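Single-letter residue listing:
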Amino acid sequence: LAGGAAMGAVILTAYYWIGRFQSDGAAIFFENILETSFRVFFPYFFLWMFWLTFIGIPSWLLAHFTGLRTWGASLIVGFSIPFIIVFILNLKIGNEMRISIWTAIGHAALFALPGALAALTIWFIAYRRPTPC
């Protein structure tokens, strides 16, 4: 669980870095990168822990007890949950801002990628069989 939350937080922190680099420029960005990284990483980490606990664990248990224990199933579960949540939020908020359906899909896919990688990380820790030496 912590490994998946860390993976998601690292990816969202990287998204934040990209935005800051584009808005602030290289000189300001590299002066504050370490301080900003810690200030951004930990809230993302705890946010991921919260969502993984209340949505991820029940989804993972459902997949586990129905026999969906492959890496592909974990990618689908990890991608679909954040995709659906962000897509619905974009449509709900987007009605007031008049965003297109394709913009909502793009935002949802962007935020679903960390979910898929976090799920793959959790699968790797929980299910991968170590190879004998």
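Relevant structure appears above.
Residues numbered from 1 in each chain as written. Predicted model: local features only at pLDDT ≥ 70, side-chain atom pairs only at ≥ 80, totals over all residues. Heavy atoms only, no water.

Help me out: how do you make sense of helix H1 (residues 2-24) in this one?
Note on helix geometry: an α-helix contains 3.6 residues per turn, so any two residues three or four positions apart are oriented the same way. A rise of 1.5 Å per residue sets the reference length of H1, with its 23 residues, at 33 Å; its end C-alpha atoms lie 31 Å apart and thus fit the reference within 8%. All of the buried residues in H1 are Gly4, Ala5, Gly8, Ala9, Ile11, Leu12 and Thr13. Packed against the buried residues of H1 are helix H3 (33-65) and helix H5 (101-126). One or two positions beyond H1, positive phi appears at Gly25, with a value near 90°. (Helix = DSSP H or I, 4+ residues; strand = E, 2+ residues; numbered from the N terminus. Expected span 1.5 Å × (residues − 1). Buried < 20%, exposed > 50% of the residue type's maximum accessible area, 1.4 Å probe, protein only. Contact = heavy atoms within 4.5 Å.)

What exactly am I supposed to notice about the packing of H1 against H3 here?
Axis angle and axis distance: for two packed helices, these are the angle between their axes and the distance between the axes, and together they describe the pair. Contact pair H1 / H3: the axes reach a minimum separation of 8 Å and the direction vectors enclose 135°. One finds that H1 runs oblique with respect to H3. Considering the relative orientation of H1 and H3, their crossing is right-handed. Of the residues in H3, those touching H1 at Ala2, Gly4, Ala5, Ala6, Gly8, Ala9, Val10, Leu12, Thr13, Tyr16, Trp17 and Arg20 are Ile33, Thr36, Ser37, Arg39, Val40, Phe41, Tyr44, Phe45, Trp48, Met49 and Leu52. Taken together, the residues of the contact of H1 with H3 sort by class into 16 nonpolar, five polar and two charged. (Axes fitted to C-alpha atoms, helices over the stretch in contact; angles between N-to-C directions. Parallel < 35°, antiparallel > 145°, perpendicular 65-115°, else oblique. Left-handed = near helix turned anticlockwise from the far one by under 90°. Nonpolar A, V, L, I, M, F, W, Y, C, P; charged D, E, K, R; others polar.)

Sorry, what's going on with a nonpolar patch on the surface here?
Together, Leu47, Phe50, Trp51, Phe54, Ile85 and Leu89 make up an exposed nonpolar region whose accessible area comes to about 590 Å². If one sorts the elements of the nonpolar patch by residue count, H3 sits on top with four residues. Inspection of the secondary structure puts Phe54 in helix H3. Note on Phe54: relative accessible area 56%, which makes it exposed. (Patch = residues over 30% accessible without salt bridge, like charges linked within 9 Å, V, L, I, M, F, W, Y side chains within 5 Å. Areas by Shrake-Rupley, 256 points an atom, 1.4 Å probe, with all protein chains shown as cover. Salt bridge = Lys/Arg side-chain N within 4 Å of Asp/Glu carboxyl O.)

Looking at this structure, I do not really get the packing of aromatic side chains. What am I missing?
Aromatic ring pairs are defined here through the distance separating the ring centres and the angle between the ring planes. Tallied over the entire structure, the rule returns nine aromatic pairs. When the ring of Trp60 is compared with that of Tyr127, the centres are 6.2 Å apart and the planes differ by 15°; the resulting orientation is stacked. One end of the pair, Trp60, is in helix H3; the other, Tyr127, is in the segment after H5, and 67 residues separate them in sequence. Arranged with centres 6.0 Å apart and planes meeting at 5°, the rings of Phe83 and Phe87 form a pair that is stacked. Here Phe83 pairs with Phe87, and both are found in helix H4 (residues 71-97), just four residues apart, close to one helical turn. The exposure class assigned to Phe83 is partly exposed, which follows from its relative accessible area of 21%. Ring pairs connect the aromatic residues Phe38, Phe41, Phe42, Phe45 and Phe46, which therefore count as one cluster. (Phe/Tyr/Trp six-rings, centres within 6.5 Å; stacked < 30°, edge-to-face > 60°.)

So what exactly am I meant to see when it comes to the nonpolar core here?
For soluble globular proteins, the rule of thumb is that nonpolar side chains tend to be buried together. Membership of the largest hydrophobic core comes to 13 residues, with the highest contact counts inside it found for Ala5, Phe45, Trp48, Leu52 and Trp60. Those elements that place two or more of their residues in this core are H1, H3 and H5. At five residues, the largest contribution of residues to this core is made by H3. Those residues in contact with Ala5 that sit more than four places away from it in its chain are Phe45, Trp48, Met49 and Leu52. (Core = buried A, V, L, I, M, F, W, Y, C linked by side-chain atoms within 4.5 Å.)

Can you help me understand H3 in this one?
For H3, the principal kink sits at Leu52 and spans about 45°. For H3, the set of buried residues is Thr36, Ser37, Val40, Phe41, Phe45, Trp48, Leu52, Gly56, Trp60 and Ala63. Once H3 ends, the next one or two residues include Gly67, with phi positive near 90°. (Bend = angle between axes of the 7 residues up to and from the residue.)

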